Structure formats: structure tokens, C-alpha cells
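Single-letter residue listing:
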Amino acid sequence: MALKIASRFRRLLQRPGSIDLGPYERLTQLVGEAEESVQSLTDEELTEAATELRTTGGLHEDEQIEFLALAREAGKRALGERAFDGQVVGALAMLQGRVVEMGTGEGKTLAGAIAAAGYAIGGRRVHVLAVNDYLAKRDAEWMGPVYELLGVTVSHVGQASTPEERREAYQAEVCYVPVNEIGFDVLRDRLVTKVDDRVAVEADVALVDEADSVLIDEARVPMVLAGATRSEALDDDVVQLVRTLRAGVDYEIDGDGRTVALTDRGTDKVEKALGARAEEAAAEEAAAEEAAAEEAAAEEAATDSTTDEAETVDAAGEAEAGETEGSGADASGADQSETDDAEVEEPAPREFNLYADENLDRLTQINVALHAEVLLRRDVDYLVRDGKVSLINNNRGRVAKLQRWPDGLQAAVEAKEAVPVSDSGEVLDSITVQALVKRYKTLCGMTGTAVVVGESLQEFYDVDVAVVPPNKPNIRKDDPDRLYLTVEQKNEALVKHIGVVHESGRPILIGTHSVEESEQLSDKLEAAGIEHVVLNAKNDAEEAAIIAEAGVPGTVTVSTQMAGRGTDIRLGGKDESHDKEKAIELGGLYVIGTGLHASRRLDDQLRGRAGRQGDPGETLFFASLGDELVTRYSVSSGLRPHPDETGRLTDRKSIGMLEHAQRVADGANAELHRTTWQYNRLTGQQRAILLETREKVLTEDLAATELAERAKERYDELVDEVGEDVVKAAARRIALGHLDRRWTDHLAYLADLREGIHLRSLAGGIVHLKPIDEFNKSAIASFDTLIEDAWKDAAETFATAEITSEGLDEEASGIPRPTATWTYLVNDNPFGTEADRILGRLRNAIKPESAAEPDEILDEEFDQDDLPEELRDADDDEDLPEELRDADDEDDEEKSDKKD
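Residues numbered from 1 in each chain as written. Predicted model: local features only at pLDDT ≥ 70, side-chain atom pairs only at ≥ 80, totals over all residues. Heavy atoms only, no water.

With an unreviewed UniProt entry as reference, the protein is termed Protein translocase subunit SecA, source organism Kribbella pratensis. Entered under Subunit (unreviewed entry) in the UniProt record, the comment concerning the protein runs "Monomer and homodimer. Part of the essential Sec protein translocation apparatus which comprises SecA, SecYEG and auxiliary proteins SecDF. Other proteins may also be involved." (UniProt positions renumbered as here; feature names shortened; annotations may be inferred.)

Structure below.
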């Protein structure tokens, strides 16, 4: 009961998962009192004092106080920065396994370094998980002097690090590493055939930077290790055929814009086209066969011409007699042929069934080509640069350098853009960020926005949030959102407002949702004569330099999403030397959002770019009823808005609908995360069972024991011939190959199973058959005999393997190993999930009551054509969501009061 009351109280305060900071604040006071005693120490004495605290069981409270006093002094000496009380509180919370929320500019990097050093001195090994190479290297080098004074070794890993460099870096007590890189190293280590080839170390403590982004936004993104290079190029005729299909006629897009499907008419059109091409191919094949037959006959005739002359004369005589005897039959046959030609009509074209089993590959190609052509947008979902298709990370607005769609869809987009098809192959293994992080014994982290996802952090990771107040009061002003009827009206008002603010000289940072939107806004600003710089995925190499100067007076910076996170925006520029005082007088950085994000947390992250360390600042978001957030997630049917002459909406119902859409989007994303984890959980359990067996094969003599039992005569024979050590090594290599092969096949089966599992639920009704239950049932059945089957395969190979005193000849023995491997990230379920389908049904079922009665709207006030296209011809309904009903009632009361 107490837990339920506490949970409700947290929700009331909008701080789910937040904890009491009282104990940490008490310890911080004691740290301040102990600080004076360490100030007189020399650098060597400070390092020695920290070394004396080293233990293997973690630091106790008294030891934490002494350590934090030393760490604060180390930061002061090494960086010229004495940790604020808030940073000490944050470090203490992280040392207790919390995720800390600290505002932008509050010194999360130093707080994280202090916590990491505390774990190291307590005998733990720490991985500071960063979001990219740049931040991992920057922070490791920036905090390096602090670690050195505390006697703690530190390193970093990047995408370009060699295996030897990685192996050495992971041996440090604190290693800064991008979350993707440690994930890929874990995957590669799972496939090694020698213990010495491993690079990573046992997972102990994970301290996650930008914790909300890593643990929530990217938690369900699988990191993939692939092998066995092959080509996935789409047939050009499929690509060209799909381009002839028409929206609403040949195919339909679902209400969420996540899936596209052929209509009956479109299917007929595709089948007719593919059937005709099949006829052409068959005719060409027949013609080729006929030409080959004629050539063979000609060669045979040439050979026969050299036979004996007498035999030739006899054969000619027989042939002449045959002609005489058969002349009547020939004539009769010719007559019959003419009759048949007269009676038989021209043969009908061969029927082509797109959904027949033998045409599955064609159907798949059509589907992915249609998805790529219709749903994936250049400069929104991906970029094309340097002759390659690069995905855009939706959470960061940056190029996802190692991310790709599942191979068929990736190839379809590359065919669409006429660029070379990239290598692809079968998945050898994969791991989600969430599964990777849950390997660690202790999890903590830091971010600027954790409270909003506090409940998710508790649900998925069992960690609480500690909200650290700012060192200086936040005086930033957050203006109410400005809502417009259409996207065009919003953009017009947006550019006008930017112009007004820019005339004052105030620095402006504009956050957009995509590369496309950033460039369209740039064109509008240029047309309006407003000088600006653009930061998006196309020039992310200059990201830090561009964003660091966004606080200079007169600067207008257009940025995608959260580009520049991890880089402070200081008023007056990076070194605060460009009219900082003027920037303060003008009101500080002005942050403008071009639309609300699907998560309120992302809006808060953008707002947090202004008002650092007590600086003034202001934020304002523009939105419209035509924005994707509203059209995709809002139950907006029946809305009757009252815009002013600029298209702006101020009625509570319209604004309430915008807020409601964001809450629905937040809920949908949380459910998607939950669903993905449910599907991956069983796979993770099965992987753990397999890895346990694989580890015994790799480090013990399990393979030799098993194969000696299954093929005793062969084993004893080989031991006599080449020696037991050679046989054991060969047995180990054979067993590892077949275990990995079976696991790869199992993953391929699960991928196919998951893609079509929802069809089973539709067959029995969503209530009767849950997709996850059907998935688990089939997955368990598939895995049940996997290890035993691998041993049987290994025994068969062992019986015929080429094993000499030099060892196993892998190629001659047919040991299944990939010829090459590579890594990438993949968007999970790009075709939509069960959660998307549920959301679509709910959206269609729940239609809100109109915002005003029809008789209250005069013809000259409102026209359906004024609404965004997605909201026209809406139906009325009484099932308005509660938060909108309340707004409606208040509007009615206000109208009644005015009449009185």
C-alpha cells in the first residue's frame, strides 16, 4: 500500500521514480567540511591518499566522504573547476546506482567522472557509455587529469580502434566507449574460436551518459553482427513497376503512415505485368533452347556426312520408300493441322499468382520496393551522399553511421536512389541496447531529462531517478505553444517571428525535426533576408563548432532535432568573448521549436539548450493541426476550430488536442518499447543457454568429451595418428562451428516468425491469440533441440573431417564459418508492430465530439477546405477523451458567463 501511495504522489508531482536527496545533501555537507583537510596536500600526497582508500568491496560512507573531498580538490587542480554541491550530490546518487537528472550546463561530465573514479577506487571496473565517438574521446581526455590525480587509469574506444587497442583500453579501470562499440565487441567476442581473441572484459558497472537517449530512445535498436556476404539487389523491372502504381488506386497507406499494401486493383496490375514478363522470359528461353537444338542437329548432320557411301545410298532408298508409303498420312496430317489452327483460339496469357508459394521472392520484392518508394522520404528518413544511402537517427537528427534497415528494405531504397547496393548477409547474432546494458551488475547514469521516463527506467532497468536542483535558479522563460491551423500558416508565422527577434540582435537557436525541414526553413529565411547557419546530418562534422557559437548575439542557428547535445551553448560564444553582456541584456538565447516532438522529453531537451547556469533565456514552440504528431496520434475527428486571420488557434479544445496527441505518442512509444522487449526476452534467455554451452566448448574439453562418446572409434583412431591435443582442438573448432551455424539459422527463423506472427492473431482474433504467446510457443519448439542437433552435426563432420598433425583443414572439412563479418544497427520492425496496429484501431474507434456545435459556426467563419487535408470530412462522436471534454466544458462555461 505504501508503495502505491508513493507512486501516486510522484505522479501528482510529475516526478515518477524520483528519490529523496536528503541523505545525499547531508553527506555533501560533510564533504565540504572535509575539503579543507585535503587542500594542503601536494599532488603526490593527494594521489597517495586516494590510493590508500582502495578496496575491493566498495567505499563505505566515511570513505565516500573522504574520497569526494579528494575528488573535488582534484577537479579544482586539474580543470580549474571546483565541483558544485549539486555535482557532489549527483556523484553520490550515481554511486548508489541512480540515474541523475541535471540541467544543461550543470556539470554532468565532471559529476560522472567523480562517480566513475569512486567505483574504480572501490574495486570496480567502469564503462562510461557515451552516445558517439566524439564524446567518448573528448570526455576521456578532458577528465583524464582528474583521474590521474586520483590514481585511476582511464581510456577510450572508438570506431577506428583496432582489436589490440580495444583489448588494451578495456583493461583500464574506467573506459569511455560508445554504447554501439561495446555492443559490437560483445557480439564479436561471442564468435571467437580462441580465448585470446576476445577484446572485451566482464560487464561490471555501466555509467550511461545521456541516459534517457540510450536507455529509452535506443533501447530497442538491435546491434547486428552479419556474415556470409551476398547481394540483395532488387530486379530493375520490379523497381520500375512499383513507380507506375498510383496512391489510393493501386495501393493504400494505413492511417499511421507506417504500412502500405496493394489494393485488389493494384494486385491485378502487378500480376498482369509480371505475368507478361514471365511470358517474355519463357519465350526467350524457348527460343534459346530451339536455337541450341538446331545447332546440335547441324553438328550431327555434319558428322553423318562422313559415313560410308554405301550406307548412304541404302538409307536414301529406305527414305524414298518411306516417303511413298507415308505420303497419304502426311497429307492427312497437314489437313488435320490446318483444321486445328482454324478451331483453336490464340492461347491465353499465362496466369501469374503473386501470392503463390513459388512467387514468394517476387512478392517480397514488390512489398519492400513499395515501402521504400512510398513511405521512406529522402532527407527525412535518409540521406544520399557519397553514393551511399545513410539513415538518419530520428532521436538525434544525425546520420546513423552504422545503422541500416533490414537487408531487403535497404536494397530497395538503394535501388530507388540508383546507388550501388551495399553488402548484406545473414545475421550471425544480435543484441539490443537494453539487453546489453542489463548485462552489467550495476547501472547508473546522467542526463538532462530523466523524470519524464522515470517509470520506464523503473520498469525496464529497476533504477530510480535523482533530480538534482540547479546550482543557480533557472530563470528561463518558457512561452506557451503557438498553434496554427495549417503547416503553411505555421511556417509563415514562424519566419515572421524569427525576423522580429533577429532584428533585436538576440541569438536564436531553431530546432527542426528533419534535414528536409531544416533546409526548407533555411530557404525561407534566406528569402526573408535573415542570415543564418544550418546544422543538420549533412554537415555534422562541424557540429560542435557550429553549436558552440550559437550564443553569439545576432546569430541564427537552424538545427535538426537535438544536434549538439554534449556541447554547451555559452552566451557570447565558446570562450564567452563575443558580447556576452549584450546577449544577457537581450534576454539570452532564444530557442524556437518548429513543432512538438512525439515525446515531451525531447521538447524539454531542446528547451534546456537555453538558460544554462542561471543565464536568461526564452523558448517558444510553434505547431499546427497539420503536423505529423497531430495527424498520426490525435483523435481529431469532428474538430471545429476558430482560427484568427493568421490561422492561429487559441481555443482550449484545439490546444488540448495537441497535448493529447503528444501523450498518445508517448504512450505508443512506451508500448512499442515494452512489446519489443517481450519479443527479445525469450531470445535472450535462449542465447544465454547457448552461450553457456559455447563457453564450456571454448574453455574446457566438452567438445572432445561429446565427440569421443558419439564417434569413439574415429576419436581413438585420430588420437593414435595425430595426438590427443590436436584432436581436442579440432573437436572444439567443429563444435563451435555447428553451434554458431544452428544459432544463425534459429535467428533467421525467429525473424521470419516475428514478421508474420500477427497474422496468426488476426486469424483467431486479437483477444483469443496473443502474438507474443504464439511467438514464444514456436520459438521454444524451434530451440528445444538446437544444441542436440548441433552435436549431431558436429559428430557427422568429425567422422569425415580432414585432421592431420597440422590440425583441422576447415575448408576441406566443410566447417560452416562466414567468409567475412561486419556490424551495423537496424531499425526494429520498420513495417510496423502490433502496437502500431492497436493504436490505429483505437484511433479509428475513438472520435471526439466537435469543438463547437454546427449552428455556432457561420459559413463565413469556417470552411472545411481551411482544415488540413488529414482532418477534413470528420465525423462527430461523443467519445471525446476526458482531458478534452473538460476543456470543452470550461469553454462552454466561459461562453455562458459572457452571455450573462
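### With respect to the nonpolar core
Counting residues in each nonpolar core, the largest one holds 104 residues, and the members touching the most others are Phe67, Leu150, Leu215 and Tyr461. With 10 residues, helix H6 (residues 108-121) is the single largest residue contributor to this core. Leave out the neighbours within four places in its chain, and Leu215 touches Val99, Val208, Val437, Leu443, Leu457, Tyr461 and His673. Val697, Leu718, Ala730 and Ala731 belong to the second-largest nonpolar core, a separate cluster that totals 33 residues. (Core = buried A, V, L, I, M, F, W, Y, C linked by side-chain atoms within 4.5 Å. Buried < 20%, exposed > 50% of the residue type's maximum accessible area, 1.4 Å probe, protein only. Helix = DSSP H or I, 4+ residues; strand = E, 2+ residues; numbered from the N terminus. Contact = heavy atoms within 4.5 Å.)

### A short note on the sheet that holds strand E15 (residues 465-467)
On the basis of which strands lie adjacent, the open sheet formed by 7 strands has the order E3-E4-E2-E5-E14-E1-E15 and parallel pairing. Lying at the two open borders of the sheet, with one neighbouring strand each, are strand E3 (154-156) and E15. If you compare each strand with its neighbour and ignore which way they point, the axes differ by 20° on average. Note that strand E2 (residues 126-130) and strand E4 (residues 174-178) share 5 bridges and pair parallel. By the bridge assignment, His127 is partnered in E4 with Cys175. (Pairing = 2+ DSSP bridges. Axes fitted to C-alpha atoms, helices over the stretch in contact; angles between N-to-C directions.)

### Concerning the packing of aromatic side chains
All chains considered together, the criterion is met by 5 aromatic pairs. Pairing Tyr147 with Tyr176 gives two aromatic rings, centres 6.3 Å apart and planes at 75°, and the pair type is edge-to-face. In this pair, Tyr147 sits in helix H7 (residues 133-149) while Tyr176 sits in strand E4, placing the two residues 29 residues apart along the sequence. The pair formed by Tyr147 and Tyr176 is uniform in burial state, with each residue classed as buried. Ring geometry for Trp743 versus Phe783: centroids 6.4 Å apart, planes at 85°, classification edge-to-face. Of the two residues, Trp743 is situated in helix H27 (residues 724-764) and Phe783 in helix H28 (residues 771-783); the sequence distance between them amounts to 40 residues. Its relative accessible area of 10% is what places Phe783 among the buried residues. (Phe/Tyr/Trp six-rings, centres within 6.5 Å; stacked < 30°, edge-to-face > 60°.)

### A closer look at the pairing of strand E14 (residues 442-447)
Most of E14 sits out of view: 6 of its 6 residues are buried. Pairing between strand E1 (residues 99-101) and E14: 3 bridges, direction parallel. For Glu101, the partnering residue across the bridge sits in E14 and is Thr447. With 5 bridges joining them, strand E5 (residues 205-209) and E14 adopt parallel strand pairing. In the strand pairing of E14, Asp209 is matched with Met446.

### Topic: H28
The terminal C-alpha atoms of H28, which comprises 13 residues, lie 18 Å apart, in line with the 18 Å expected from a rise of 1.5 Å per residue. Burial in H28 covers these residues: Pro771, Ile772, Glu774, Phe775, Ser778, Ala779 and Phe783. Here the buried residues of H28 occupy an arc of 160° about the axis, which is enough to place them on one side. Exposed and oriented more than 90 degrees from the buried face of H28 are Lys777 and Ala781. (Expected span 1.5 Å × (residues − 1). Arc of directions from axis to C-beta.)

### Some points on the pattern of salt bridges
Taken as a whole and assessed by the stated rule, the structure comprises 46 salt bridges. Where salt bridges share partners, they join Glu35, Arg72, Arg82 and Asp85 into one cluster. (Salt bridge = Lys/Arg side-chain N within 4 Å of Asp/Glu carboxyl O.)

### Quick notes on the confidence of the model for the protein
For the protein, per-residue confidence averages 80 on the pLDDT scale, and 76% of positions sit at 70 or higher. Overall, residues 318-349 carries pLDDT values under 50, and its contacts beyond four positions in sequence, including any with other chains, amount to 1 contact. (pLDDT = per-residue confidence, 0-100.)

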